[in-house]
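Spelled out from the first residue to the last, the chains are:
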Amino acid sequence: MAQKYRIYINDNTLFITHEVPLQVEKIQQIEVEGFGFENFYRNLKNSKKKNYLLLCKNPEAVFKKMKKELTVIKAAGGLVTNAKNEFLFIFRNKKWDLPKGKVDKGEKVKDAAVREVEEECGVKIDKRGDRVCKTYHVYEMNNEVILKRTSWYHMTVKGSPKLIPQTEEGITDAVWIAPHEIKAKIKNTYPLITDVLKSEQLL
């Protein structure tokens, strides 16, 4: 099965895939030949909430070529459940989010995922499970175009511990959310967080 990629760029989404994705919104196809990501990114500044498609036989090869134009930052986070089967959410930068952060130099991605959750929410992870999925997000920092690749892992804690938000990281709240409450939270979250939840059929 061919690899598929969904990359979020501000309010826009770029799909790199071998088939047209199933979705309601319109999508604009881009020619693969001659495609340069940086030029594409610069032209997006005047575009909002649009979907773009690179339709190709080998999405992985196109994605690898694209990555060479960018600075890749690895990040990791967790989809954490407690003994009541509630999910751990944080409120950061005025949006609901899942705990995550950058992978330190020399650190294993799966270890970084646990560390970031523990630091951001003041909890002790009991078990780390399999990877849920990867998400991709492009942004600009100091005139450099960054591709952040976040690996998400299943995690559990014992009981239902009190949460302590890491305020120095801009986190103003950390809460346990029951499955039936998730839909209300995603009205104010990021599309990639919605992807993580959908991958686990929570939406």
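Source: prediction; values computed, not measured. (Residues numbered from 1 in each chain as written. Predicted model: local features only at pLDDT ≥ 70, side-chain atom pairs only at ≥ 80, totals over all residues. Heavy atoms only, no water.)

A. Focus on the packing of aromatic side chains. Taken as a whole and judged by the stated rule, the model has 8 aromatic pairs. On the basis of an interplanar angle of 10° and a centroid distance of 4.0 Å, the ring pair of Tyr-5 and Phe-63 is categorised as stacked. Highlighted residues: Tyr-5 in strand β1 (residues 5-9) and Phe-63 in helix α2 (residues 59-67), separated in sequence by 58 residues. A ring pair is formed by Phe-63 and Tyr-136, whose centres lie 5.0 Å apart and whose planes are at 70°; its orientation type is edge-to-face. Note that Phe-63 is positioned in helix α2 and Tyr-136 in strand β9 (residues 127-141), a separation of 73 residues in sequence. What makes Phe-63 buried here is its relative accessible area of 4%. Residue class for Tyr-136 comes out buried when judged on its relative accessible area of 9%. In this structure an aromatic cluster arises from ring pairing among Phe-35, Phe-37, Phe-40, Tyr-41 and Tyr-52. Residue placement shows Lys-95 over the ring face of Tyr-190; its charged tip is 5.6 Å from the ring centre. (Phe/Tyr/Trp six-rings, centres within 6.5 Å; stacked < 30°, edge-to-face > 60°. Helix = DSSP H or I, 4+ residues; strand = E, 2+ residues; numbered from the N terminus. Buried < 20%, exposed > 50% of the residue type's maximum accessible area, 1.4 Å probe, protein only. Lys NZ or Arg CZ within 6 Å of the ring centre and 35° of its normal.)

B. Focus on unusual backbone geometry. Notably, Asn-10 is not glycine yet its phi reads approximately 55°, a positive angle. Mapping Asn-10 onto the fold places it in the loop between β1 and β2 (12-17).

C. Region of interest: the side chain of Asp-97. Along the chain, the position of Asp-97 falls in strand β7 (residues 95-97). Side chain to side chain, Asp-97 and Lys-100 meet in a polar contact 2.7 Å long. Once you skip the residues sitting within four places of it in the chain, Asp-97 turns out to touch Phe-89, Ile-90, Arg-92, Thr-189, Tyr-190 and Ile-193. (Polar contact = N/O pair within 3.5 Å; in protein donor to acceptor, adjacent residues only side chain to side chain. Contact = heavy atoms within 4.5 Å.)

D. Representation of the nonpolar core within the structure. Counting 22 residues, the largest nonpolar core has Ile-7, Ile-9, Leu-14, Ile-16, Phe-37 and Phe-40 as its most contacted members. Secondary-structure elements contributing two or more residues to this core are β1, β2, α1 (37-43), β4 (51-55), α2, β9 and β10 (144-156). With residues near it in sequence (within four places) discarded, Phe-40 still touches Ile-9, Leu-14, Ile-30, Phe-35 and Tyr-52. In this structure, Ala-76, Leu-88, Ile-90 and Ile-171 belong to the second largest nonpolar core, which totals 20 residues. (Core = buried A, V, L, I, M, F, W, Y, C linked by side-chain atoms within 4.5 Å.)

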